[in-house]
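Each chain, letter by letter, is given below.
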Amino acid sequence: MIPFLDLKAQYASIKEEVDAAALRVLASTQYVLGEEVAAFEKEFATYCQARHAIAVNTGTSALHLALLAADIGPGDEVITVPFTFVASVSAICYTGARPVFVDIEPTTFTMDPAKLEAAITSRTKAIMPVHLYGQMADMTPIMEIAARHGIPVIEDACQAHGAEYHGKRAGSIGVSGCFSFYPGKNLGACGEGGLAVTNDDATAAKIRMLRDWGQEQRYHHTLKGFNYRMDGIQGAILRVKLRHLEKWTEARRTNARLYTTLLKNVEAVAAPTEAADRRHVYHIYAVRSDDREALRQSLDAAGIATGLHYPIPVHLQKAHADLGHRKGDFPVSEQVASEVLSVPLYPELTSEQIATVVDAIAEATTAKPARAALRVG
Ligand SMILES: *Cc1c(COP(=O)(O)O)cnc(C)c1O
């Protein structure tokens, strides 16, 4: 049995450090925000090459506050992609703004800059590319178009901790960038967590106020705020895990490279594309197959867990039917959503396990086995 994710293996490898960090917070009684969260903010800002980091309770909250800090509200439009986790779009809806979609590129599955300009109207107040699966969107043309129209870019970096584009870290290119520390993300809390980074002092101050009831100082509520604060225990545990993140990311990249090499022998599925100008951090490793359901069932029968990220693009979700979209509106997103299958990929995965997965894919699609290739190469 190869699980899709193995959080127990990760915990076992750092148990003493994590337990000590959690106990430290219990003893300190700084259960909400506090010194550990403040220290984590500083360390994560440095990691992202950004000036400020503001920790919150979820990635969705980070997106919501980043949008509010850019003065997004009812009557505004925010451009994003339909091929993403639904939270990207929900955060836009929370502000009262209307999500407007731009289709993705068929290679990287991120926002297609060639289709961006046509979606801009006089009501467009932000552009939110999603760094899907751990690979950054094509930021140079996106930033160039945004600058020409005077529109801020907010990066949904919830799957892209440590990803790079032309050497720049995810979150540091737009006016702000948002991260999730949901347990399954590349950097995961032991519960929920999120964070926004920004190089802009005013944006940082506003997000900081909004996460804690809009207070500038205690009992002085300057803005209509929220209770979006990060727990002290999560801050302390995230500090521990951040120290291991680069090593984990390199292990993910090594595992992804092995998958991609072995999959070259399997004609029926396509491996993901890593753009040459980016550092992909492989939150998700998704192969493409034109008979995805059969492949999924075969792998399931072989004891290999898989995931679907995401089978229905957001513009076709019932919850967003009010936007009035139909099948065919974003053909690349729809096609990719019908073909992707996420296979197990995490730092602790072994080469043997990867070969087993590729062999199972090869067998399911009747191509030659990969284990032989692993032994030779
Ligand atoms: C996980 C995720 C979010 C939301 O993060 P939460 O911490 O679960 O609220 C937003 N966008 C994308 C692309 C994500 O993967």
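Computed from a predicted model, the values in this text were never measured in an experiment.

The rules behind each value
Residues numbered from 1 in each chain as written. Predicted model: local features only at pLDDT ≥ 70, side-chain atom pairs only at ≥ 80, totals over all residues. Heavy atoms only, no water. Domains from an automatic or database assignment. Buried area = accessible area lost by both parts, 1.4 Å probe. Salt bridge = Lys/Arg side-chain N within 4 Å of Asp/Glu carboxyl O. Polar contact = N/O pair within 3.5 Å; in protein donor to acceptor, adjacent residues only side chain to side chain. Near = heavy atom within 4 Å. Areas by Shrake-Rupley, 256 points an atom, 1.4 Å probe, with all protein chains shown as cover. Helix = DSSP H or I, 4+ residues; strand = E, 2+ residues; numbered from the N terminus. Axes fitted to C-alpha atoms, helices over the stretch in contact; angles between N-to-C directions. Parallel < 35°, antiparallel > 145°, perpendicular 65-115°, else oblique. Left-handed = near helix turned anticlockwise from the far one by under 90°. Contact = heavy atoms within 4.5 Å. Nonpolar A, V, L, I, M, F, W, Y, C, P; charged D, E, K, R; others polar. Patch = residues over 30% accessible without salt bridge, like charges linked within 9 Å, V, L, I, M, F, W, Y side chains within 5 Å. Core = buried A, V, L, I, M, F, W, Y, C linked by side-chain atoms within 4.5 Å. Buried < 20%, exposed > 50% of the residue type's maximum accessible area, 1.4 Å probe, protein only. Pairing = 2+ DSSP bridges.

A.B. asks: I'm lost on the domain arrangement of the protein chain in this one. Help?
C.D. replies: For interface size, the figure often reported is the accessible area lost on association. The assigned domain composition of the protein chain is domain 1 (7–102 + 111–242) and domain 2 (245–373). Summing both sides of the interface, domain 1 and domain 2 together bury roughly 3,100 Å²; the carbon and sulfur share of this comes to 59%. Broken down residue by residue, the surface that domain 1 buries against domain 2 is led by Phe83, Tyr133 and Asn186, which jointly contribute 25%. Linking domain 1 with domain 2 are 2 salt bridges, by the criterion used here. The salt bridge involving Arg278 is made with Asp138; its shortest N-O contact spans 3.7 Å. There are 18 residue pairs in polar contact (both at pLDDT 80 or more) connecting domain 1 and domain 2.

A.B. asks: I'm lost on the site of the ligand in this one. Help?
C.D. replies: In the vicinity of the ligand there are 15 residues, among which Gly59, Thr60, Gln159, Ser180 and Lys185 approach most closely. Taking Asp156, its side chain carries an N or O atom lying 2.9 Å from a nitrogen atom of the ligand. If the ligand stood free it would expose 380 Å²; the protein chains cover 93% of that surface. Residue assignment for the shell around the ligand shows that the elements contributing at least two residues are α3 (59–69) and α4 (87–94).

A.B. asks: Any chance you could explain the packing of α3 against α4 here in plain terms?
C.D. replies: In a pair of packed helices, the angle between the axes and the distance between the axes together describe the arrangement. Two numbers describe how α3 lies on α4: the axes approach to 9 Å, and their chain directions differ by 40°. When the interaxial angle is binned, α3 and α4 end up oblique. Crossing of α3 over α4 shows right-handed handedness. On α4, the residues that touch Thr60, Leu63, His64 and Leu67 of α3 are Ala87, Ser88, Ala91, Ile92 and Tyr94. Residues belonging to the contact of α3 with α4 are distributed by class as follows: 6 nonpolar, 3 polar and no charged.

A.B. asks: Mind showing me how you'd approach a nonpolar patch on the surface here?
C.D. replies: Residues Leu23, Leu26, Tyr31 and Val32 make up a contiguous nonpolar surface patch of roughly 380 Å² in combined accessible area. Along the chain, Val32 turns up in the loop between α1 (7–28) and α2 (35–47).

A.B. asks: Help me understand the nonpolar core, please; the structure alone is not making it clear to me.
C.D. replies: Soluble globular proteins tend to bury their nonpolar side chains together. Core analysis: the biggest nonpolar cluster contains 66 residues, and Phe44, Ile127 and Phe181 have the highest contact counts within it. Listing elements by their share of this core, those giving two or more residues are α1, α2, β1 (52–56), α5 (139–149), β9 (194–198), α7 (232–263) and α9 (331–339). At 7 residues, the largest contribution of residues to this core is made by α7. Looking at which domains feed residues into this core, each of domain 1 (7–102 + 111–242) and domain 2 (245–373) supplies at least three.

A.B. asks: Sorry if this is basic, but what is going on with the pairing of β9 here?
C.D. replies: In the case of a regular strand, side chains alternate between the two sheet surfaces. When you tally the buried positions in β9, you get 5 out of 5 residues, the bulk of the element. Burial along β9 is two-sided: Gly194, Ala196 and Thr198 and Leu195 and Val197, pointing in opposite directions, are all buried. Where β1 meets β9, 5 bridges bridge the pair, whose relative direction is antiparallel. Residue pairing for β9: His52 is matched across the bridge by Thr198. Two elements, strand β8 (residues 176–180) and β9, share 5 bridges in a ladder whose sense is antiparallel. Note on β9: the bridge partner recorded for Cys178 is Ala196.

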